[in-house]
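Coordinate inspection notes
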Amino acid sequence: MSDQEDSGAAGGSSSVEIQRKDRLRVLCIHGYRQNEFSFRSKIGSFRKYVDKYAEFVFISAPHQAPPFPGEEDKGLNENQKSWWFNKPDGHFRGIYKGGPVVGFEESLRLVEETWEKQGPFQGLLGFSQGGCFVGLLSHLAERGMITRLKPEFVVIASGFRSLSLAHLNYYENTVKIPSLHIYGENDDIIPTEMSETLASGFENKAVVTHSGGHYFPATAAQKSAYVEFFRDRLQEHLEAAELQNN
């Protein structure tokens, strides 16, 4: 699912004129127990803030998330998806250490195929488990371990490093592409230190913190940081495209 396109100009910049058709395209990766539709709704205010600069495309993870432990009698909620599972009981929890990465390869193939078939894309955006996934994709792309996916920038909200053994070596090098990291100082699901550790692996980063918990903030307090990040990324993209055409 992607944002609706509108016609007409969307303002300008100091050196390259920005038109609506020039907007960045960003592939969005939802959190655990979300899907493309629920995530799109949850970041509606954020999307409005940067609509001048970016179009967002959403996909759903390929795996069905099981009911919470103790709630099996309620049955499956088909709208709750997962990119992979890291616990022996078939669930996922960001703070769980040393677990497997069941289903990760299928999700990786889905994102690569979407990038190739629905692109071009310039950026990746992820929240929570999706933020962890975007972090992994960034490191894989930086090291040339995936060839079909080359983001120009990433946005990671409530993200964290995977603690699964199979993923530990992915973080050996730093990532040079521009990144925006967003996290709450009172997150009781993903501790702040985990988001800080993930951000520490990115060299060219901007960080937005908020006093809340595990959610993607989009109030007036964050608007200027979001707008500045996306404006700069679009400016860089258009200047690079202009150089290529000359």
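Because the structure is predicted, anything quoted here is derived from the model rather than measured. (Residues numbered from 1 in each chain as written. Predicted model: local features only at pLDDT ≥ 70, side-chain atom pairs only at ≥ 80, totals over all residues. Heavy atoms only, no water.)

1. Some details on the sheet that holds strand β8 (residues 205-210)
Taken in spatial order, the 6 strands of this open sheet run β2-β1-β5-β6-β7-β8, and their pairing is parallel. The open sheet has two edge strands with one neighbour each: β2 (54-59) and β8. Each adjacent strand pair in this sheet contributes to an overall mean axis angle of 15°, direction not counted. Its contacts with the sheet put helix α3 (residues 104-117) on β1 (24-29), β2 and β5 (123-127), and the angle it makes with β1 is roughly 160°. Lying over the sheet, helix α4 (residues 129-142) contacts β1, β5 and β6 (153-157), oriented at roughly 145° with respect to β5. (Pairing = 2+ DSSP bridges. Helix = DSSP H or I, 4+ residues; strand = E, 2+ residues; numbered from the N terminus. Axes fitted to C-alpha atoms, helices over the stretch in contact; angles between N-to-C directions. Contact = heavy atoms within 4.5 Å.)

2. Let's talk about the packing of α3 against α4
For the pair α3 and α4, the least separation of the axes is 12 Å and the interaxial angle reads 75°. Between α3 and α4, the crossing angle belongs to the class labelled roughly perpendicular. For the pair formed by α3 and α4, the contact residues are Phe104, Ser107, Leu108 and Val111 on the first element and Phe133, Leu136 and Leu137 on the second. Taken together, the residues that form the contact of α3 with α4 break down as 6 nonpolar, 1 polar and no charged. (Parallel < 35°, antiparallel > 145°, perpendicular 65-115°, else oblique. Nonpolar A, V, L, I, M, F, W, Y, C, P; charged D, E, K, R; others polar.)

3. So, the pairing of β1
Of all the 6 residues making up β1, 6 are buried; the element is thus mostly covered by neighbouring parts of the structure. Residues of β1 alternate between two faces, with Leu24, Val26 and Cys28 on one and Arg25, Leu27 and Ile29 on the opposite face, all of them buried. By the bridge criterion, 6 bridges tie β1 to β2 in an arrangement that is parallel. Along β2, the bridge assignment pairs Ile29 with Ile59. (Buried < 20%, exposed > 50% of the residue type's maximum accessible area, 1.4 Å probe, protein only.)

4. Examining the pattern of salt bridges
Considering all chains together, one arrives at 8 salt bridges under this definition. Glu116 is the salt-bridge partner of Arg148, the closest N and O atoms lying 3.0 Å from each other. One end of the pair, Arg148, is in the loop between α4 and β6; the other, Glu116, is in helix α3, with 32 residues separating them in the sequence. Judged by its relative accessible area of 34%, Arg148 is partly exposed. Salt bridges sharing common partners tie together Glu112, Glu116 and Arg148. (Salt bridge = Lys/Arg side-chain N within 4 Å of Asp/Glu carboxyl O.)

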